Amino acid sequence: MLVIDPGHGGRETGAIGKKGKEKDINLAVAKLFGQYVADEHPDVKIVYTRTKDVAVGLDERANIANKANANLFVSIHANSIKGKSAISGAEVFTFGVTRIEENLEVAKMENSVILYEDNYEQKYEGFDPNSAESYIIFEFMVNLYSEQSNNFASMVQKELVKTAGRKNRGVKQAGFLVLRKSSMPSVLIELDFISNQIAENYMLSQTGQRSMARAIGNAFTNYKNEFDRKEKRTATESAAAQQPEETQDNDKQERQISQNTLEPEVKTASATVVYKIQILASIKKLPTNSRELKGYKADYYVEGKYFKYTYGESQNFNEINELRKKIVKDFKDAFIITFENGVKIPNK
Ligand SMILES: [Zn+2]
């Protein structure tokens, strides 16, 4: 189950270029992307948060995905930056904490659409999309799907460069409300900058829209294939473990596996590097409200006889390093550690 979310709509236009509006580009690319998936993966159910030029609230978009029990949420947007018409390129976001001003600005811009919604103060519990302080609460939230989200985001980013010829601005993290509220792997794609004339022309052209949709479609195929491979391996392994002599039911097993396609259970992603900050080690397991953790929402892993506590995670070294600088006042010995596919490896 795939949920495709064309950003903005109706009176809420999103960014505006010289010739076009973000909401129209998002919808066109979203529909083409959905068409590719429907053609190539008829087994995948697709739900759109909108198929027309109508406004849909951010929390409503996430609700649609949550209610549908979606396995992947793809939000499609176009970027814009005031007074810097030379900047262009694609970037794909996953939900996360950022200390990078530039990324925060993108999240602020996209989140500020809630100001168009009725009762936004109540709905978003006083969240002010334009105040940097509002984003601090995100630091204490655990994102269960960050690894899968980042994995898919990397695939999309790679394809937007390879297939659609976009400049590579990388995979990034920031506090997007629409991603925050969706409980499945989810990404927000900024196709390119509508504030750049060449990029705007490209995004308004049919060729451009098709190429970008093709790119996201290819990424989806890669993600799905990787997923199916893992499902198959997991299923084969567990079947082998349970019934070492049973072999005649292979057909049935194959069928079951393909039906289980895209279930979110499989967590390991190939060659995914994640950085975390180790804040302390303890010989005994600490309660979550332990004073030693100083109110930080920490994770832990076990190494030797120690429980080693970590804070934050990112695929971006600079981002985690910025976070480390910030928490060093509370944990003066905090240092960065690296995990590859969930296994700790020496820092590079
Ligand atoms: Zn947008």
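Coordinates for the structure precede this section.
What follows concerns the sheet that holds strand β10 (residues 335–340). With respect to topology, 5 strands assemble into an open sheet ordered β8-β9-β7-β10-β11, the strand pairing being antiparallel. Bordering the open sheet on either side are β8 (299–303) and β11 (343–345), each of which pairs with just one other strand. Ignoring strand direction, the axes of neighbouring strands in this sheet form an average angle of 45°. Where β10 and β11 come together, 3 bridges link them in antiparallel fashion.

Along helix α10 (residues 317–327), the positions that sit buried rather than exposed are E319, I320, N321, L323 and I327. Tucked inside the fold, the buried residues of α10 contact α3 (101–111), β5 (168–174), β7 (273–282), β9 (306–314) and β10. By the N-cap criterion, in which a side-chain oxygen at the helix start approaches the backbone nitrogen of a residue two or three places on, α10 is capped by N316, the distance to N318 being 2.9 Å.

Moving on, we get to the side chain of Q157. Its place among the elements puts Q157 in helix α5 (residues 146–162). Assessed through its relative accessible area of 4%, Q157 is described here as buried. Among the polar contacts made by the side chain of Q157, one reaches the main-chain amide nitrogen of V92 at a distance of 3.2 Å. In this structure Q157 touches A90, E91, V92, K167, N168, R169, G170 and V171, once residues within four positions along its chain are discounted.

Within β7, 8 of the 10 residues are buried, leaving the element largely enclosed by the surrounding structure. Strand direction decides the pairing type here: β7 and β10, joined by 6 bridges, are antiparallel. Considered in β10, the bridge of K276 is made with I337. Pairing between β7 and β9: 7 bridges, direction antiparallel. Across the sheet, residue K276 finds its bridge partner in β9, namely E313.

Let us now look at the coordination of the zinc ion. Here the zinc ion is held by H8 (NE2), E22 (OE), H77 (ND1), E110 (OE) and E110 (OE), and the distances to it run 2.0 to 2.4 Å. Look at where the donors of the zinc ion fall in the sequence and you get H-x13-E-x54-H-x32-E. Of the two residues, H8 sits in the loop between β1 (2–6) and α1 (22–40) while E22 sits in helix α1, which places them 14 residues apart along the sequence. Owing to a relative accessible area of 2%, E22 belongs among the buried residues under this scheme.

Here we take up the nonpolar core. Of all hydrophobic cores here, the largest spans 36 residues; its most connected members are F33, V74, L160 and L191. When residues of this core are traced back to their parent elements, those giving at least two are β1, α1, β3 (72–79), β4 (90–95), α5, β6 (186–193), α7 (197–204) and α8 (206–242). Counting residues per element, this core draws most heavily on α8, at 8 residues. If we skip the residues at most four places from it in the chain, F33 touches L2, I4, V74, I76, A213, I216, G217 and F220. In this structure, V106, Y135, F176 and V178 belong to the second largest nonpolar core, which totals 25 residues.

Criteria and thresholds
Residues numbered from 1 in each chain as written. Predicted model: local features only at pLDDT ≥ 70, side-chain atom pairs only at ≥ 80, totals over all residues. Heavy atoms only, no water. Pairing = 2+ DSSP bridges. Helix = DSSP H or I, 4+ residues; strand = E, 2+ residues; numbered from the N terminus. Axes fitted to C-alpha atoms, helices over the stretch in contact; angles between N-to-C directions. Buried < 20%, exposed > 50% of the residue type's maximum accessible area, 1.4 Å probe, protein only. Contact = heavy atoms within 4.5 Å. Polar contact = N/O pair within 3.5 Å; in protein donor to acceptor, adjacent residues only side chain to side chain. Donors = N, O, S within 2.8 Å, 3.2 Å for Na, K, Ca; no water. Core = buried A, V, L, I, M, F, W, Y, C linked by side-chain atoms within 4.5 Å.

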